[in-house]
Amino acid sequence: MNCFGRRLRRTVPAHGSSKSELVPSKTPRINGWSWPPQPLQVVGWLVYIYLTVVTFGIYIPLLPRPWKAVSYTISGISFLIHFFTNIATVTIDPADASVRAKNDYSTPLPLFDRAKRAHVIQDLHCYLCDVNVGPKVKHCGVCNKCVEGFDHHCKWLNTCVGQRNYWFFFAALISAILAGFMITVIILFIFIQHYLDPHVLRTAPQFDASLGNTTWLLFLPVAPIKTSSAGLLTLAFITIMLCTACLILLIHLLGFHLYLFYKGMSTYDYVKKSRRKETGKQNSEAKKSCSSKPHSSTQKSQEGTNDCEPTLSKTPSFFRYANSSPISSTLSDSICTELENFKKSAEKENSFNYGTENSIQKETRVISMSVITSLKLEKEEDVQEDREKSIPVTQDPLGSSVMAQDPA
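Residues numbered from 1 in each chain as written. Predicted model: local features only at pLDDT ≥ 70, side-chain atom pairs only at ≥ 80, totals over all residues. Heavy atoms only, no water.

K.L.:
Looking at this structure, how should I read the sheet that holds strand β5 (residues 131–132)?
P.N.:
Each strand in a sheet pairs with another by means of backbone hydrogen bonds, the pair being arranged parallel or else antiparallel. Strand order in the open sheet formed by three strands is β3-β4-β5, with antiparallel pairing between adjacent strands. The open sheet has two free edges, formed respectively by β3 (121–122) and β5, since each of these has just one partner strand. The sheet contact formed by strand β4 (residues 125–126) and β5 spans two bridges and is antiparallel. In the sheet register, His125 faces β5, and the bridge partner there is Asn132. (Pairing = 2+ DSSP bridges. Helix = DSSP H or I, 4+ residues; strand = E, 2+ residues; numbered from the N terminus.)

Have a look at this one:
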């Protein structure tokens, strides 16, 4: 008896893939600082730190005096606004007020049975959070809580963007675009002046002790570090490519949210609308394919019929007699064969022989016509016999003899 080969019976399935299974519960996330962090959130903070160090430690100190103050002011304000708005977006809990009012908010929620209910929120009641919610509330599957004014779940912030933190998110987006634009302009100016007039970039007093124009100083004026022109330009190229990629993504996101402002909808509403359109297109394509299949099948059936049917339709009516009897089927097959022979012989005459027909063709025509006439006579005799047999008869009530019915 193999006890180890048996499978363990599970009272709760591990995955909620089927509608009849229970969805496993998990602890709700309070905000974007809840553990574990998202990989994109870590990447975003690393990019922010890198751009901050490079901008304020390497490139802005190389600018001339009037432009240095302007760059410090604009870049500093944009970086600070982005920092604080990002912190506010991540820190604010976007959950609904009824959810935040619960005492056991951070405890695991009960299991959700898809066999009983198709949706988590029905009739303005969330069966996972066990609270009554408003019409614009959605239960986020990642954060596992109901979010008020749900817009989308941002992986870069590791939290949901809803009614309570949306404007902080929008301000962080605009400030990030402004900071990226300033970094791009500054680096392009330094890259161009490095080849046109490098003395414009060497106004700091620390450059007086340098040996040549190929030596550059970084992190002025606090901790000067020597580097070469190749190192400075390589770092500038990497930074400007990173800023370009960030600007493309951020401008696309800003344009999308401006479009949503114009339409008066949220990101979640836009996703639902696009999914409905895709479902409608798939249904219409399925209907077209289903309607085209019978047409193709009928066309194939028409193509699969005998080629001599149009010819037979022009012949007398007794050629189109019921094909249920074996005699009629034999007759139709023979006629089709003869007509095909006629057609082939005519094609041969039209393609090859432009004069009189030869003796073999004449004999073929005579034999085929004799076969057709004999078949016609046999068919007429069979039809006449069938008519005689089909005359109704009556039985004499005074005897057992059968007498024919009076035609009158």
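K.L.:
Quick question: what am I supposed to make of the pattern of salt bridges here?
P.N.:
Two side chains that carry opposite charge are able to pair once their charged atoms sit near each other. Within this structure, the stated rule accounts for one salt bridge. Salt-bridge contacts for Lys145 lead to Asp93; the nearest nitrogen and oxygen are separated by 2.6 Å. Placement of the pair is Lys145 in strand β7 (residues 145–148) and Asp93 in the loop between α2 (65–91) and α3 (97–100), with a sequence separation of 52 residues. The buried category is assigned to Asp93, whose relative accessible area is 11%. (Salt bridge = Lys/Arg side-chain N within 4 Å of Asp/Glu carboxyl O. Buried < 20%, exposed > 50% of the residue type's maximum accessible area, 1.4 Å probe, protein only.)

K.L.:
Hey, could you run me through the nonpolar core in this one?
P.N.:
In terms of nonpolar packing, the biggest core is built from 26 residues, with Tyr59, Leu62, Ile186, Ile190, Phe207 and Leu232 touching the most fellow members. Where this core is concerned, the elements lending two or more residues are α1 (39–59), α4 (166–196), β10 (215–218) and α5 (229–263). Of all the elements, α4 adds the most residues to this core, at six residues. Discounting chain neighbours no more than four positions away, the residues touching Phe207 are Leu62, Leu201, Arg202, Thr215, Trp216, Leu217 and Leu220. (Core = buried A, V, L, I, M, F, W, Y, C linked by side-chain atoms within 4.5 Å. Contact = heavy atoms within 4.5 Å.)

K.L.:
How should I be thinking about the pairing of β7 in this particular structure?
P.N.:
One face of the sheet, then the other: side chains in a regular strand alternate in exactly this way. Sheet analysis places strand β6 (residues 137–140) next to β7, joined by four bridges and oriented antiparallel. Paired with His139 across the strands is Cys146, a residue of β7. From the end of β6 to the start of β7, which pair antiparallel, there are four residues, and Asn144 there has a positive phi angle of about 60°.

K.L.:
Please clarify how a positive patch on the surface should be interpreted in this entry.
P.N.:
Side chains of Lys263, Lys273, Lys277 and Lys281 sit close together on the surface and give a patch of like positive charge. Relative to the helices and strands, Lys273 is located in helix α6 (residues 267–304). By relative accessible area, Lys273 is classed as partly exposed at 40%. (Patch = residues over 30% accessible without salt bridge, like charges linked within 9 Å, V, L, I, M, F, W, Y side chains within 5 Å. Areas by Shrake-Rupley, 256 points an atom, 1.4 Å probe, with all protein chains shown as cover. Lys, Arg positive; Asp, Glu negative; His and termini not counted. Charge placed at Lys NZ, Arg CZ, Asp CG, Glu CD.)

K.L.:
Looking at this model, I keep getting lost on the packing of aromatic side chains. Mind explaining?
P.N.:
Ring pairs (aromatic) are described by centroid distance and by the angle formed between their planes. Tallied over the full model, the rule gives 18 aromatic pairs. Ring plane angle 80° and centroid distance 5.4 Å describe the contact between Phe83 and Phe84, whose orientation is recorded as edge-to-face. Through successive ring pairs, a cluster of aromatic residues spans Trp33, Trp45, Tyr48, Phe56, Tyr72, Phe79, Phe83 and Phe84. Above the face of the Phe150 ring, Lys138 is positioned so that its terminal group lies 5.0 Å from the ring centre. (Phe/Tyr/Trp six-rings, centres within 6.5 Å; stacked < 30°, edge-to-face > 60°. Lys NZ or Arg CZ within 6 Å of the ring centre and 35° of its normal.)

K.L.:
Is there a simple way to explain the side chain of Thr55 in this structure?
P.N.:
Looking at where Thr55 falls in the secondary structure, it is placed in helix α1. Looking at Thr55, the relative accessible area reads 2%, which means it is buried. At 2.6 Å, the side chain of Thr55 forms a polar contact with the backbone oxygen of Leu51. Once residues lying within four places of it in the same chain are set aside, the contact partners of Thr55 are Ile60, Pro61, Phe79 and Ile183. (Polar contact = N/O pair within 3.5 Å; in protein donor to acceptor, adjacent residues only side chain to side chain.)

K.L.:
Help me understand the state of the cysteines, please; the structure alone is not making it clear to me.
P.N.:
Simply put, the disulfide is a covalent bond whose two ends are the sulfur atoms of two cysteines. A full pass over the atoms with the stated rule returns zero disulfides. Free cysteine: Cys143, not disulfide-bonded; nearest cysteine sulfur from Cys160 at 3.4 Å. Classification of Cys143 by relative accessible area gives buried; the value is 1%. Cys246 carries a free sulfur, and the closest cysteine sulfur to it, the one in Cys243, is 6.4 Å from it. (Disulfide = S-S within 2.5 Å.)

K.L.:
In this structure, what is going on with the side chain of Asp151? I would like to understand it.
P.N.:
Among the secondary structure elements, Asp151 is positioned in the loop between β7 and β8 (152–154). A distance of 2.8 Å separates a polar atom in the side chain of Asp151 from a polar atom in the side chain of Thr267.

K.L.:
Is there a simple way to explain the packing of α1 against α2 in this structure?
P.N.:
In a pair of packed helices, the angle between the axes and the distance between the axes together describe the arrangement. Where α1 meets α2, the closest approach of the two axes is 12 Å, and the angle between their N-to-C directions is 160°. As the angle between them shows, α1 and α2 are arranged roughly antiparallel. α2 is crossed by α1, and the crossing has left-handed handedness. Contacts between α1 and α2 involve Gln41, Trp45, Tyr48, Leu51, Thr52, Thr55 and Phe56 from the first element and Tyr72, Ser75, Gly76, Phe79, His82, Phe83, Asn86, Ile87 and Val90 from the second. Within the contact of α1 with α2, the residues separate by chemical class into nine nonpolar, seven polar and no charged. (Axes fitted to C-alpha atoms, helices over the stretch in contact; angles between N-to-C directions. Parallel < 35°, antiparallel > 145°, perpendicular 65-115°, else oblique. Left-handed = near helix turned anticlockwise from the far one by under 90°. Nonpolar A, V, L, I, M, F, W, Y, C, P; charged D, E, K, R; others polar.)

All quantities given are derived from atomic positions and should not be read as evidence of function.
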